[in-house]
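# Structural description and commentary
Each chain, letter by letter, is given below.
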Amino acid sequence: MADIVMNPTQAKKMPKRLAWGLLIGCVSWMGPYSGMNGTLLPAKIGMLDPINKVKLVATFAAIAMIVAMFANLVEGALSDRTRSRFGKRKPWIIGGTIGSVLMFFVLSWSPTIPILLMTWTIYQLTLNAIVAPMVAIIADAIDPKYRGTVSSFYGIGMSIGAYGSGVVASQFLGKVNIGIWVFALVQVVLTVIAMILIKEPSSANEPKVSLKGRELLASFAFPLKNAGDFYLALLGKFLMMVGSYMITGYQLYILTDYMRLSQSTTSRMVAIISMILMTTAIVFGAVSGPLADKIGRLKAPVALATLMIAIAGLFPFFDAAPWTMLVYAVLSGIGNGAYLAVDQALNIAVLPNPKTAAKDLGVMNLSATLGQIMGPVTAGAVISLAGYRLIFPVMAVICIIGCVMIMCIKKVK
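The text that follows walks through the structure, step by step, so that each part is easy to find. Bear in mind the structure is a predicted one, so any value in this text is a computation, not a measurement. (Residues numbered from 1 in each chain as written. Predicted model: local features only at pLDDT ≥ 70, side-chain atom pairs only at ≥ 80, totals over all residues. Heavy atoms only, no water.)

Another aspect to go through is the packing of aromatic side chains. Describing an aromatic ring pair means giving the distance of the ring centres and the angle of the ring planes. Taken as a whole, this structure holds eight aromatic pairs when the rule is applied. Between Y258 and F392, the aromatic rings sit 5.4 Å apart at their centres with planes inclined by 40 degrees, giving tilted as the arrangement. Taken together, the residues span a long stretch of sequence, with Y258 in helix α9 (residues 251-258) and F392 in helix α15 (residues 391-407) at a distance of 134 residues. On the basis of relative accessibility, which here comes to 11%, the residue Y258 falls in the buried class. Judged by relative accessible area, which is 0%, F392 ranks as buried. An aromatic cluster of three or more residues is present, and its members are Y33, F104, W120 and Y123. (Phe/Tyr/Trp six-rings, centres within 6.5 Å; stacked < 30°, edge-to-face > 60°. Helix = DSSP H or I, 4+ residues; strand = E, 2+ residues; numbered from the N terminus. Buried < 20%, exposed > 50% of the residue type's maximum accessible area, 1.4 Å probe, protein only.)

This is the structure we're talking about:
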């Protein structure tokens with residue numbers, strides 16, 4: 001079992017079982033979260049308050065993002081300092097899973113909007129107790145020469161969870177509560193499998209650091225020392241997310257209002273685009289991580305993936321026709337798959353301090369969260385000022401600037 005013991009100095013070969021554990025572990029939280037957030041939660045809100053559902057969905061999203069930003073940072077920092085015979089990460093992952101599943105059952109029961117909103121908020125706290133510690137396992141356990149490959153496994157898990165969950169959730173639009181229970185069961189089963197595959201050594205004997213004074217501030221503060229490359233990677237991720245979510249957040253309206261498609265055609269296009277995105281992201285995610293390890297490069301693949309997403313976004317600018325969105329889906333899927341496969345390895349390579357890995361990765365994840373918020377906000381402002389056509393070149397410019405930020409990183413090839 002030496003290939004999955006979390007000690008880089010002992011790594012003799014690529015830790016396949018740990019990699020599969022991370023892939024399954026990522027699907028365990030990303031799938032239920034994406035299925036709930038994108039389909040079942042809006043359906044539940046529509047059942048409880050059909051008149052105000054549009055405004056309520058936006059309110060739920062905004063509150064969830066705010067809670068998630070701080071939860072990711074704080075829970076990641078606490079994970080770094082956890083001392084137990086079960087390790088630093090697994091107690092948080094298991095506890096977060098139990099809390100998430102409990103909140104799913106409360107969500108299915110919730111009879112009013114205020115109770116639903118409170119439950120969704122608590123769910124964000126439990127969810128992020130899983131996210132930051134799980135990503136930190138790559139920093140804890142994986143020899144640098146294998147991080148691209150293992151990051152690729154994690155990225156494939158994200159693609160399967162993000163894109164595949166919509167297909168599952170759509171089967172329960174008439175039976176929302178049953179769909180919620182199915183996702184709860186899926187999360188439990190996949191987490192158990194992931195925890196069996198991931199072997200984490202005890203952290204009980206690691207030195208304890210007091211949480212007071214400067215130590216307390218350092219535990220939850222943004223990194224400042226030797227952090228130049230860290231913030232270049234952070235800005236690159238933020239700008240890539242802003243650009244991507246300018247189109248993702250308005251995809252439906254791009255098809256209906258910009259391309260003037262009928263409702264039935266739009267439904268088919270959304271399904272086709274989702275399948276293209278998932279397929280290309282999985283295929284190129286599987287290839288990109290091992291390739292990055294083989295050539296010994298992390299910065300260039302991430303930068304090129306960001307550039308490809310920028311190019312993809314330009315096609316609908318030249319022609320307001322459905323084929324341009326299909327080309328966008330192919331190129332964007334390739335770019336996103338390659339990006340997700342190598343991004344986590346790059347993030348770990350630029351960490352200022354390995355001892356605060358989960359906390360600093362939590363800070364890095366904030367850029368993704370903020371990018372998801374700012375993408376639709378930016379697109380909405382552009383549409384209000386100049387119409388739909390201009391969002392595509394603006395998106396491309398934002399992604400290109402993100403690409404430049406990544407290429408400015410110095411200590412990573």
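This next bit is on the nonpolar core. Core analysis: the largest hydrophobic core is formed by 117 residues, its most contacted members being L22, W29, W120, Y154, I254 and M325. When residues in this core are grouped by element, the largest group, 15 residues, is from helix α1 (residues 16-48). Excluding anything up to four places from it in sequence, W29 contacts L127, I130, V131, M134, Y154 and Q187. (Core = buried A, V, L, I, M, F, W, Y, C linked by side-chain atoms within 4.5 Å. Contact = heavy atoms within 4.5 Å.)

Let's shift gears to the state of the cysteines. For the structure on display, the rule yields zero disulfides. C399 carries a free sulfur, and the closest cysteine sulfur to it, the one in C403, is 9.4 Å from it. Of all cysteine sulfurs in the structure, the one in C403 sits closest to C408, which takes part in no disulfide; the separation is 9.5 Å. The partly exposed category is assigned to C408, whose relative accessible area is 37%. (Disulfide = S-S within 2.5 Å.)

Together, V283, F284, V287, L291 and I295 give the surface a local cluster of nonpolar side chains, amounting to about 420 Å² of exposed area. Relative to the helices and strands, F284 is located in helix α10 (residues 263-295). Judged by its relative accessible area of 34%, F284 falls in the partly exposed class. (Patch = residues over 30% accessible without salt bridge, like charges linked within 9 Å, V, L, I, M, F, W, Y side chains within 5 Å. Areas by Shrake-Rupley, 256 points an atom, 1.4 Å probe, with all protein chains shown as cover. Salt bridge = Lys/Arg side-chain N within 4 Å of Asp/Glu carboxyl O.)

Relative to the elements of secondary structure, S79 occurs in helix α2 (residues 53-80). In this structure S79 comes out as buried when scored by relative accessible area, which is 0%. For S79, the side chain forms a polar contact with the main-chain oxygen of K88, separated by 3.4 Å. Reaching out from S79, the side chain makes a polar contact with the side chain of R89 at a distance of 2.7 Å. (Polar contact = N/O pair within 3.5 Å; in protein donor to acceptor, adjacent residues only side chain to side chain.)

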